[in-house]
Amino acid sequence: AQSVTQPDIHITVSEGASLELRCNYSYGATPYLFWYVQSPGQGLQLLLKYFSGDTLVQGIKGFEAEFKRSQSSFNLRKPSVHWSDAAEYFCAVGARYGGSQGNLIFGKGTKLSVKP
Amino acid sequence: GAVVSQHPSRVICKSGTSVKIECRSLDFQATTMFWYRQFPKKSLMLMATSNEGSKATYEQGVEKDKFLINHASLTLSTLTVTSAHPEDSSFYICSAIPQGGWTDTQYFGPGTRLTVL
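Residues numbered from 1 in each chain as written. Chains lettered and ligands numbered in written order. Predicted model: local features only at pLDDT ≥ 70, side-chain atom pairs only at ≥ 80, totals over all residues. Heavy atoms only, no water.

Caption draft 1: Structural detail: the overall build of chain A. Summing up its helical and strand segments, chain A has zero helices and 12 strands in all. Secondary structure elements of chain A, listed N to C terminal, follow the sequence β-β-β-β-β-β-β-β-β-β-β-β. In summary, chain A has a C-alpha radius of gyration of 14 Å against a globular reference of 13 Å for 116 residues, a match within 12%. Viewed in the frame of its principal axes, chain A has a C-alpha envelope of about 50 × 30 × 25 Å. For chain A, the proportion of its 116 residues judged to be buried stands at 43%. Of the contacts formed within chain A by residues at least 6 apart in sequence, a portion of 54% connects residues at least 24 apart. Summing over all exposed atoms, chain A offers an accessible surface of approximately 5600 Å²; the carbon and sulfur share of this is 48%. Computing the positive centroid from 11 side-chain charges and the negative centroid from 8, chain A places the two 5 Å apart. (Helix = DSSP H or I, 4+ residues; strand = E, 2+ residues; numbered from the N terminus. Rg over C-alpha atoms; globule rule 2.2 N^0.38 Å. Buried < 20%, exposed > 50% of the residue type's maximum accessible area, 1.4 Å probe, protein only. Contact = heavy atoms within 4.5 Å. Areas by Shrake-Rupley, 256 points an atom, 1.4 Å probe, with all protein chains shown as cover. Lys, Arg positive; Asp, Glu negative; His and termini not counted. Charge placed at Lys NZ, Arg CZ, Asp CG, Glu CD.)

This is the structure in structure tokens:
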């Protein structure tokens, strides 16, 4: 079955510290992987995505993620966290089916708190 | 950039009443829109896929007679929760894919918080 696991429900880091949010997936086909961020009252914003090619992808707001096929992981990283990064982060997997558009399967999310 | 709006952002209704939630793509046309439901501390769960001009495709376990979806135009999809009950209280989020696009260009609405008393 297709699934996405985010093992950390809540993470707290100090401002300026580095961050890594974990994501593992189970998918039958070649996965297309995404990270989204959701702030209170806001819609989901795409941080970055991986389709193919270079396994280290750069996103917006200084985030990056690395696809590791052998570990079925797509962890999100940021070298220095800012207070404005406090939000809920979702990892998602999707696929294209015969040229038609597919929906996304989401993990349960990781809430990031940033302490001064 | 592409913007998706939802209306209302928050609604409180009495048990047994029906509630309609609108999802609009403001600056693009969308042949496909998705409706998700988000429970507290849970991930977004796909409820249905809405295609313009055709019947929606519902996920297993989602009651199509309870959650009516209409995608009458390329910029509007509506979700109507019929005979709402307290267990229908949730956060409903829609997303839209620009015509000719794919999930890499899926744009999400800000969500609608439904509370059924």
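Still to come is the rest of the account.
Caption draft 2: Up close: the overall build of chain B. Assigned secondary structure in chain B consists of zero helices and 11 strands. When the elements of chain B are put in sequence order from the N terminus, they spell out β-β-β-β-β-β-β-β-β-β-β. For chain B, whose C-alpha radius of gyration is 13 Å, the value lies close to the compact-globule estimate of 13 Å for 117 residues. Along the longest, intermediate and shortest principal axes, the C-alpha atoms of chain B span 40 × 25 × 20 Å. Looking at the 117 residues of chain B, the share that counts as buried comes to 50%.

Caption draft 3: The environment of Leu46(A), seen in detail. Residue and element names in this part refer to chain A. Relative to the helices and strands, Leu-46 is located in strand 6 (residues 44-50). Overall, Leu-46 belongs to the partly exposed group, its relative accessible area being 24%. Taking C-alpha positions, Leu-46 is 8.6 Å from Gly-59, a pair spaced 13 residues apart along the chain.

Caption draft 4: The sheet that holds strand 7 (residues 67-73) of chain B, seen in detail. All names here are of chain B. Ordered by their spatial adjacency, four strands build an open sheet running 1-3-8-7, and the pairing between neighbours is antiparallel. For this open sheet the edge positions go to strand 1 (4-7) and strand 7, each flanked by a neighbour on one side alone. Adjacent strand axes in the sheet meet at a mean angle of 15°, parallel and antiparallel pairs treated alike. Note that strand 3 (residues 19-25) and strand 8 (residues 76-81) share six bridges and pair antiparallel. Within the sheet, the bridge partner assigned to Glu-22 lies in strand 8 and is Thr-78. (Pairing = 2+ DSSP bridges. Axes fitted to C-alpha atoms, helices over the stretch in contact; angles between N-to-C directions.)

Caption draft 5: View of the pattern of salt bridges. Residue and element names in this part refer to chain A. What the rule picks out here adds up to six salt bridges over all chains. In this structure, Asp-8 engages Arg-22 in a salt bridge whose closest nitrogen and oxygen atoms are separated by 2.9 Å. Taken together, the residues Asp-8 in the loop between strand 1 (3-5) and strand 2 (10-14) and Arg-22 in the loop between strand 3 (19-21) and strand 4 (24-26) connect sequence positions 14 residues apart. On the accessibility criterion, Asp-8 (18% relative accessible area) is buried. The salt bridge partner of Glu-66 is Arg-77, with a shortest N-O separation of 3.3 Å. (Salt bridge = Lys/Arg side-chain N within 4 Å of Asp/Glu carboxyl O.)

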